[in-house]
Protein chains: 2
Amino acid sequence: MAKDTIAVVGAGLVGAGWAIVFARAGHPVRIFDAEPSVRAKVLDGIRANANDLKHFDLIDDVEALMARITVHDDLGAAVKGVAYVQESVFESIPVKTPVYAALDTLVPDNVPIGSSSSGIPASQFTEHCKTRARMLISHPVNPPYLVPLVELVPAPWTSPDVVDQVHALMTAVDQKPIRVNHEVEGFILNRLQGALLMEAWALAREGAASVADIDKTVSEGLGLRWAFMGPFETIDLNAPKGVADYAARLGKLFHGIAASRNNPEPWEAPLVSEVEKERRVDLAADKIDERRAWRDRRLMALAVHKAKAVKQFG
Amino acid sequence: MAKDTIAVVGAGLVGAGWAIVFARAGHPVRIFDAEPSVRAKVLDGIRANANDLKHFDLIDDVEALMARITVHDDLGAAVKGVAYVQESVFESIPVKTPVYAALDTLVPDNVPIGSSSSGIPASQFTEHCKTRARMLISHPVNPPYLVPLVELVPAPWTSPDVVDQVHALMTAVDQKPIRVNHEVEGFILNRLQGALLMEAWALAREGAASVADIDKTVSEGLGLRWAFMGPFETIDLNAPKGVADYAARLGKLFHGIAASRNNPEPWEAPLVSEVEKERRVDLAADKIDERRAWRDRRLMALAVHKAKAVKQFG
């Protein structure tokens, strides 16, 4: 049976990543972007990424994937008859608002529209849409075809059925959706990341350890469990009787540590310069691009590993 | 050339894990424990773990490893002529203090003594030792033969040379040591973990997402990068021009999020019960042990993957 067509609106890095996710799962994908120069290069970018995925055996057939993707210069034509719209235009209220005004009338009102917004909640650009009940945040991690988490965040007026529909679609295309129950600044992922980052910057400020050693604490320590278990499951398994036992043993210690940081400081300029200096010793500015390519290869190898490990051990 | 002998003092789970680390690297290991019942079973536990490691090709030869390990009932005999002492007795000041008083006189003063203490700083149980300059914290993650991070934390009187020596030894036995520059509550690892946990509990308290979905945010999102890159390297690669660029773009957002949590709440009993209830739906109490075995298999598979990925991609 032919799969539903998906529209991707906005063809920057994030939109291109989404096109791969949907096309990899067998969906025809129509990409729209208002900017001719973006449209002109999006397929080449996708092909390069698809070749990398093929190299790691993460997809079977580059040409079959490419054949499912088309690029459009007319928004109405791009969204006609689709089952879902993933919007990934520039993250600013003045940019998103007119796009949603257009989608409001162009897309039949039973079709969900998810926004890739990483910070602006949907209520800030969908309020005046007649069909706002089918609009929500569907926030990916970059690149979405390697890091599968998707945060689904309804606006106060988003229909629960729509959240369910997008949850089912994301699961079907091999993403890992979560339900954020209400709009909260930074959603879940950036709040958790932010909490750890604030402490990392504070430790750097105090000279408790070098930037490289703070990084190693995660990459050779905490991050190993967190690559396959969340923080609650981690502590649930780290006390004889589970999470309540852990809380009884260590809750006071962690509250004490947190209380000692109850006046969070901004990442002030001299500290930022200091951290920047340490990073540039470990990674010269002209090597950043190369290191990003390394990161993506490591993410691909990890994706291969995780798929095998889940198959073997659950 | 024969490798130096290492003494492991205290043969619980942590001490047994350390014995594997040193024996795996070819060192003769002498294990001491004051408790006969602990001594009686430690080798069986080590053998079971060594068999698992062999199954994953993480060691070559179980018998060769076991042949390097001996168990002793006399502390003086156990530490005689060793190059390093790793202490892993019960984590309490009244327990550790007399052990250090004994080590102070039994171990030649040029031999470093590292404590596995995860929270109590060395100054609290080494102050009255004559040879306290060679004593420090050498805090592992459990199990140390799968999660290589080691936090080296000097007391105010620890000699910098001793930190360097233990750093070199840990590196030589394939651990990943970091230097914590001064005693700080929770050291680095538990401060970073604690910061993320505090936010996770707060999100659960507010009903922002289910416990399972908060976990998924890490295990299918943040944790993938953190399995091979620390938080600073992650943000360094996530803005076009590196970490200072990232701080300029997002520092204010993260400071705002942190400021909204400037009065950290304890993990209060009703919340703990709620989280415990959600966890027990996802994992019944009588399945916790089985899930721990799953975790260890996943950690072993991840260790195999990381070794290969480092070899292939750096």
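Our subject is the structure that appears above.
What comes next is a walk through the structure. Bear in mind that the values here come from a model prediction, so they are computed numbers and not experimental data.

1. Notes on the overall build of chain A
In step 1: Along its length, chain A carries 13 helices and eight strands.
In step 2: A compact globule built from 314 residues would reach a C-alpha radius of gyration of about 20 Å, and chain A, at 21 Å, matches this within 12%.
In step 3: Across its three principal axes, chain A shows a C-alpha extent of roughly 55 × 45 × 45 Å.
In step 4: Per-residue burial for chain A yields a buried fraction of 57% across its 314 residues.
In step 5: Accessible surface, chain A as shown: approximately 12,800 Å² in total, 54% of it carbon and sulfur.

2. Looking at the interface of chain B and chain A
In step 1: Across the boundary between the two partners, chain B contributes 109 residues, which contact 109 residues of chain A.
In step 2: The contact between chain B and chain A buries some 10,500 Å² in all, and 68% of this surface belongs to carbon and sulfur atoms.
In step 3: Interface area lost by chain B to chain A is led by Phe228(B), Phe232(B) and Arg298(B), which between them contribute 8%.
In step 4: At the boundary of chain B and chain A, one finds 12 salt bridges.
In step 5: The interface formed by chain B and chain A contains 48 residue pairs in polar contact (both at pLDDT 80 or more).
In step 6: If you list the elements that add at least two residues to the side of chain B that touches chain A, you get β8 (176–179), α8 (189–205), α9 (211–226), α10 (231–236), α11 (243–259), α12 (269–282) and α13 (288–313) of chain B.

3. Brief notes about the environment of Thr105(B)
All names here are of chain B.
In step 1: Along the polypeptide, Thr 105 turns up in helix α5 (residues 93–106).
In step 2: Spatially, the C-alpha atoms of Thr 105 and Lys 130 are 8.3 Å apart, while their sequence positions differ by 25 residues.
In step 3: Within the structure, Thr 105 has its side chain in polar contact with the backbone oxygen of Ala 102 (distance 3.1 Å).

4. Some thoughts on the pairing of strand β7 (residues 149–154) of chain B
Residues and elements named next belong to chain B.
In step 1: For β7, the buried fraction is high: six of the six residues fall into the buried class.
In step 2: By the alternation rule, side chains of β7 split into Leu 149, Glu 151 and Val 153 and Val 150, Leu 152 and Pro 154, which are all buried.
In step 3: Two elements, strand β6 (residues 135–140) and β7, share five bridges in a ladder whose sense is antiparallel. The residue of β7 that forms the bridge with Ser 138 is Leu 152.

5. Quick word on the pattern of salt bridges
In step 1: A full pass over the atoms with the stated rule returns 36 salt bridges over all chains.
In step 2: The partner of Asp289(A) in a salt bridge is Arg292(A), with the nearest N and O atoms 2.9 Å apart. Of this pair, Asp289(A) and Arg292(A) are both found in helix α13 (residues 288–313), three residues apart, which corresponds to roughly one turn of the helix.
In step 3: In this structure Asp289(A) comes out as exposed when scored by relative accessible area, which is 58%.
In step 4: What makes Arg292(A) buried here is its relative accessible area of 15%.
In step 5: Here the salt bridges do not stand alone but share partners, grouping Glu233(A), Asp236(A), Glu276(B), Arg279(B), Arg280(B) and Arg291(B) into one network.

6. Concerning the nonpolar core
In step 1: Grouped together as the largest cluster of nonpolar side chains are 222 residues, with contacts concentrated most on Trp201(A) and Trp201(B).
In step 2: Not counting the four nearest positions on each side in its chain, Trp201(A) is found in contact with Trp267(A), Leu271(A), Val272(A), Val275(A), Phe232(B), Ile235(B), Val243(B) and Ala247(B).

7. So, the packing of helix α9 (residues 211–226) of chain A against α8(B)
In step 1: Viewed as axis vectors pointing N to C, α9(A) and α8(B) meet at an angle of 55°, and their least axial separation amounts to 10 Å. The orientation of α9(A) with respect to α8(B), classified from their angle, is oblique. The chirality of how α9(A) crosses α8(B) is right-handed. Residues Ile214(A), Thr217(A), Val218(A), Gly221(A), Leu222(A) and Trp226(A) of α9(A) pack against Leu189(B), Leu192(B), Gln193(B) and Leu196(B) of α8(B).

8. Examining the sheet that holds strand β6 (residues 135–140) of chain A
All names here are of chain A.
In step 1: Taken in spatial order, the eight strands of this open sheet run β3-β2-β1-β4-β5-β6-β7-β8, and their pairing is mixed. What marks the edges here is a single partner per strand, and that holds for β3 (69–72) and β8 (176–179). Put simply, the sheet's adjacent strands are angled 25° from each other on average, direction ignored.
In step 2: Along the sheet face, helix α5 (residues 93–106) touches β1 (6–9), β4 (84–87), β5 (113–115) and β6 and points at about 170° away from the line of β5.
In step 3: On top of the sheet, helix α7 (residues 160–172) reaches β1, β4, β6, β7 (149–154) and β8; it is set at about 160° to β8, its chief contact.

9. Observations regarding unusual backbone geometry
All names here are of chain A.
In step 1: Note that the residue after Asn 142, namely Pro 143, is joined by a cis bond; omega there is -10°.
In step 2: Looking at where Pro 143 falls in the secondary structure, it is placed in the loop between β6 and β7.
In step 3: Unusually for a residue other than glycine, Asp 57 sits at a positive phi of about 60°.
In step 4: Structurally, Asp 57 can be placed in the loop between α2 (36–55) and α3 (62–67).
In step 5: On the accessibility criterion, Asp 57 (65% relative accessible area) is exposed.

10. Remarks on the relation of the copies chain B and chain A
In step 1: Under the fitted operation, chain B is carried onto chain A by 0.0 Å of movement along the axis and a turn of 180°, and the coordinates agree to an RMSD of 0.0 Å. The two molecules are tied by a two-fold rotation axis, judged by turn and shift. Of the C-alpha atoms belonging to chain B, the one lying closest to the rotation axis is found on Asn262(B), 2.3 Å away.
In step 2: Both copies present the same face, since 100% of the interface residues in chain B are matched by interface residues at the equivalent positions in chain A.

11. Let's talk about the sheet that holds β8(B)
All names here are of chain B.
In step 1: Here eight strands make up an open sheet; going across it, the order is β3-β2-β1-β4-β5-β6-β7-β8 and the pairing mixed. At either end of the open sheet lies a strand with only one pairing partner, and these are β3 (69–72) and β8. Across this sheet, the average inter-strand angle for adjacent strands is 25°, counted without regard to direction.
In step 2: Pairing geometry for strand β1 (residues 6–9) and strand β2 (residues 29–32), over four bridges, is parallel. Residue pairing across strands places Val 8 opposite Ile 31, the latter belonging to β2.
In step 3: Each of β1, β4 (84–87), β5 (113–115) and β6 is contacted by α5, which is oriented at about 170° to β5, the strand it contacts most.
In step 4: Packed onto the sheet, helix α7 (residues 160–172) meets β1, β4, β6, β7 and β8 and runs at close to 160° relative to β8.

12. Some points on the pairing of β1(A)
Residues and elements named next belong to chain A.
In step 1: Burial along β1 is two-sided: Ile 6 and Val 8 and Ala 7 and Val 9, pointing in opposite directions, are all buried.
In step 2: For the handedness criterion, the β-α-β arrangement of β1, helix α1 (residues 13–24) and strand β2 (residues 29–32) is classed as right-handed.
In step 3: The sheet contact formed by β1 and β4 spans four bridges and is parallel. Bridge assignment links Val 8 to a residue of β4, and that residue is Gln 86.

13. Some remarks on the side chain of His139(A)
Residues and elements named next belong to chain A.
In step 1: Position of His 139 among the secondary structure elements: in strand β6.
In step 2: For His 139, a relative accessible area of 7% corresponds to the buried category.
In step 3: Setting aside anything within four residues of it in sequence, one finds His 139 in contact with Ser 115, Ser 116, Ser 117, Ser 118, Leu 149, Val 150, Glu 151, Phe 187 and Asn 190.

What counts and how
The residue numbering used here restarts from 1 in each chain and proceeds along that chain's sequence as written. Chain A is the first chain written and ligand 1 is the first ligand written, with later ones labelled in order. Local features in a predicted model are, by the rule used here, given only for residues with pLDDT of at least 70; side-chain atom pairs are given and counted only at 80 or more, and totals for whole chains, interfaces and linings are based on all residues. With hydrogens and water set aside, each side-chain value is computed from the structure's full complement of heavy atoms. Helix and strand assignments follow DSSP, with helices taken as H or I runs no shorter than four residues and strands as E runs no shorter than two, numbered in order from the N terminus. In this treatment the radius of gyration is a C-alpha quantity, and the globule benchmark scales as 2.2 Å times the residue count to the 0.38 power. For every residue, the accessible area obtained with a 1.4 Å probe (protein chains only) is divided by the maximum for its type, and the residue is called buried under 20%, exposed over 50%, and partly exposed between those limits. Values of accessible area rely on a 1.4 Å probe in the Shrake-Rupley scheme; residue burial ignores everything except the protein chains shown. Should any heavy atoms of two residues lie within 4.5 Å, those residues are considered in contact. When two parts are put together, the accessible area they lose, computed with a 1.4 Å probe and summed over both, is reported as buried area. The salt bridge criterion pairs a side-chain nitrogen of Lys or Arg with a carboxyl oxygen of Asp or Glu, the two atoms within 4 Å. Here a polar contact means two N or O atoms within 3.5 Å. Within protein one must be a hydrogen donor candidate and the other an acceptor candidate, and residues neighboring in sequence count only if both atoms are side-chain atoms. Paired strands are those between which DSSP finds at least two bridges. Within this scheme, the nonpolar core is defined by two criteria: the residues are buried Ala, Val, Leu, Ile, Met, Phe, Trp, Tyr or Cys, and they are joined through side-chain atoms within 4.5 Å. Interaxial angle, 0 to 180 degrees, is taken between N-to-C directions of lines fitted to C-alpha atoms, where a helix line uses only the stretch in contact. These descriptions rest on fixed angle ranges, namely under 35 degrees for roughly parallel, over 145 for roughly antiparallel, 65 to 115 for roughly perpendicular, and the rest for oblique. It is the rotation of the near helix from the far one that decides the hand of a crossing: anticlockwise by less than a right angle makes it left-handed, clockwise makes it right-handed. When the copies are superposed, the least-squares fit draws on C-alpha atoms of residues that have pLDDT of at least 70 in both. Crossover handedness is defined by viewing with both strands directed away from the observer: a clockwise path from the first strand over the helix to the second marks the crossover as right-handed.

Treat this as a map of the structure, not an account of what it does.
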